[in-house]
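Residues per chain are reported as follows:
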Amino acid sequence: MLRCASARLTGDLAGVGPVTQTPFVEQRCTSYCTRHKSNTAVRIGGDAVTAQAVDQPENTVTDPRRWRMLALLGVAQFMLILDVTVVAIALPHIGADLGLHRDTLTWVVSAYTLMFGGLMLLGGRAADLFGSRRVVLLGLLVFTVASLVTGLAAGAAMLIGGRVAQGVGAAMLSPAALSVVTRIFHGNERNKALGIWSALGGGGSAIGVLLGGVLTAGPGWQWVFYINVPIGLVVLVALARMLPAELPHAARARLDVPGAILVTAATGTAIYALINAGDRAWLSAATLGTLAGAVLLYVLFAVLQRTVRSPLMDLRILARRSVAGGTFLILVATALMIAVFFLGSFYLQHHKGYGALRTGLLFLPVAVATIVGAQVAGHVVGRLGARPIAMTGLAIAALGTAVPAFWDGSAVVVTGISVGAAGIGAAFVAASTTALGQVAQHEAGIASGLLSTFHEFGAALGVAVVSSIAAASISGSGSTGFARGFTFAAIVAAASAVLALFVVPAVKPPAGVQAHAH
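Given the structure is predicted, the values throughout are model-derived calculations rather than measurements.

Scoring rules and cut-offs
- Residues numbered from 1 in each chain as written.
- Predicted model: local features only at pLDDT ≥ 70, side-chain atom pairs only at ≥ 80, totals over all residues.
- Heavy atoms only, no water.
- Core = buried A, V, L, I, M, F, W, Y, C linked by side-chain atoms within 4.5 Å.
- Buried < 20%, exposed > 50% of the residue type's maximum accessible area, 1.4 Å probe, protein only.
- Helix = DSSP H or I, 4+ residues; strand = E, 2+ residues; numbered from the N terminus.
- Contact = heavy atoms within 4.5 Å.
- Expected span 1.5 Å × (residues − 1).
- Bend = angle between axes of the 7 residues up to and from the residue.
- Salt bridge = Lys/Arg side-chain N within 4 Å of Asp/Glu carboxyl O.
- Phe/Tyr/Trp six-rings, centres within 6.5 Å; stacked < 30°, edge-to-face > 60°.
- Lys NZ or Arg CZ within 6 Å of the ring centre and 35° of its normal.
- Axes fitted to C-alpha atoms, helices over the stretch in contact; angles between N-to-C directions.
- Parallel < 35°, antiparallel > 145°, perpendicular 65-115°, else oblique.
- Nonpolar A, V, L, I, M, F, W, Y, C, P; charged D, E, K, R; others polar.

(A) Just the nonpolar core, in detail. By size, the foremost hydrophobic cluster in this structure holds 109 residues, and its most contacted members are Val136 and Leu239. Per-element tally for this core: the top contributor is helix H11 (residues 321-351), with 16 residues. In contact with Val136, not counting residues within four places along its chain, are Leu73, Leu173, Ala176, Ala177, Val180, Leu239 and Leu243. Formed by 14 residues, the second largest nonpolar core is a distinct cluster that contains Leu91, Leu105, Val108 and Leu215.

Structural data, given as structure tokens:
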């Protein structure tokens, strides 16, 4: 049977066993699988695609444990996402117990975000080269041990060192786990699985506020980190038994260490600049100089990737409309999510004077709304395509965040954020299905790492921008700054909904076709 590495619509990333249906892309394939004769033409993002008439596959192999694997990988991913917002609620108590100043406390969050975002591409590429199973287990082990170390911290050095190690483990685990998900699910099942995965991202951030309040007010801030240890160990043992053994797809390729160093330094530098832009001012020499340094490092990385034998990333993947559209959506959705959570948390705690526990409980409907929005989107994206889901989700996000921009009060703010969160959850699903729906199996890790990197960029950008806009209310009194922050978020969501019409490809799987990449 002739094989086409790039043959795909929006279906499975990995077709295994005897194949009786073979869609292929006219633009790239020079040799075709020719089991059937009749062809049906469809169009994907401007590229002409021909799908042969298909019957149901005679012997498509699916792992019967795939939903259990998704549940375990989801729990692991849930811990990584929780660890951003759950710590934010505990910061005042950490500072009081360890005698830390404000700038040091900032690094308790920033150290994790920097390592998580900076090493994400390296983690994704490692999954492609060495196998997702190995990278998932190693990343989970590092994250779990680092959580124990961080909880035991008696000073700033051990605390921040533990957070750095947590970020390293998370950067290995997250893209490798998403790569596993895209490989074990096929067709419409993958859309549902990605919907669940997206719900974990948005819902985890909101639940982190609730859990942080409960743990901080109860057993103490140390349990914000300790809770990861028993859960991590149980998931580690279960995944070690359940994840299928796999041969690395590119077993003879070497990891591009210089490229990894450059892209990690570039991403870390860019996130560092965004984190500190609110305090230093956006047009200050320090901010602009740091961003310029990040751009220079990215340029050097791009030049290197064109010269090495085994590059960390094929830069042509960025030129694909699906990948570009997906990264745009994940950047905007994450920036909006973190921005409204940040504004809502500060509004309730600083402006209204609510405690950590009460604030956390008020974020419960936000978490539920995010999960519902992602689940609904995951069920319909296969029929409607990613573009209408993205546009509708972002429009709902704009309407929701506009509510607290015009009216004041705790109930109004929580209601508006909840409505907006439902739309953001749907946008997450559109982002993942758009970016990952048309990548080959050997690119699943790096594509997942790319998506996760832009997730971290969005988080840093969202906090940096709204903290600058709402600075008057955050550091002082009154709600004018919060209203301006919500107004800006609503404008960005509305503008992004319009841009999605042009940026996101109109990809929808043809009825009756399940695409396999050979």
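(B) Seen up close, helix H18 (residues 480-503). With 24 residues, H18 should cover 34 Å at 1.5 Å per step; its first-to-last C-alpha distance of 34 Å lies within 8% of that length. Residue Ala497 marks the point of greatest curvature in H18, where the axis turns by about 25 degrees. Among the residues of H18, Gly481, Phe482, Gly485, Phe486, Ala489, Ala490, Ala493, Ser496, Ala497 and Ala500 are the ones counted as buried.

(C) Region of the structure containing the environment of Gly326. On the secondary structure map, Gly326 appears in helix H11. Owing to a relative accessible area of 0%, Gly326 belongs among the buried residues under this scheme. Residue contacts for Gly326: discarding those within four places in its chain leaves Ala431, Thr434, Ala435 and Leu451.

(D) Spotlight on the side chain of Thr287. Among the structural elements, Thr287 can be located in helix H10 (residues 285-305). Of the residues examined, Thr287 reaches a relative accessible area of 2% and is grouped as buried. The residues contacting Thr287, other than those within four sequence positions of it, are Ala273, Ala277, Arg280, Ala281 and Trp282.

(E) The arrangement of the pattern of salt bridges in detail. Tallied over the full model, the rule gives 2 salt bridges. Glu189 is paired through a salt bridge with Arg66; the nearest N and O atoms lie 2.8 Å apart. With a gap of 123 residues between them, Glu189 in helix H6 (residues 187-217) and Arg66 in helix H1 (residues 66-98) connect regions that are remote in the sequence. Arg163 is the partner of Asp83 in a salt bridge, and the nearest nitrogen-oxygen pair spans 2.8 Å. One end of the pair, Asp83, is in helix H1; the other, Arg163, is in helix H5 (residues 156-184), with 80 residues separating them in the sequence.

(F) Spotlight on helix H15 (residues 410-436). The terminal C-alpha atoms of H15, which comprises 27 residues, lie 38 Å apart, in line with the 39 Å expected from a rise of 1.5 Å per residue. Counting buried positions over the 27 residues of H15 gives 22, a clear majority of the element.

(G) A look at the packing of aromatic side chains. With the rule as written, the count across this model stands at 8 aromatic pairs. Directly above the ring of Tyr354 sits Arg358, whose terminal nitrogen or CZ lies 3.8 Å from the centroid.

(H) Quick peek at the packing of helix H3 (residues 120-130) against helix H4 (residues 132-151). Contact geometry of H3 with H4 gives a least axis separation of 7 Å together with a crossing angle of 135 degrees. When the interaxial angle is binned, H3 and H4 end up oblique. Facing H3, whose interface residues are Gly123, Ala126, Ala127 and Phe130, H4 presents Ser132, Arg134 and Val135. Classifying every residue of the contact of H3 with H4 by side-chain character gives 4 nonpolar, 2 polar and 1 charged.

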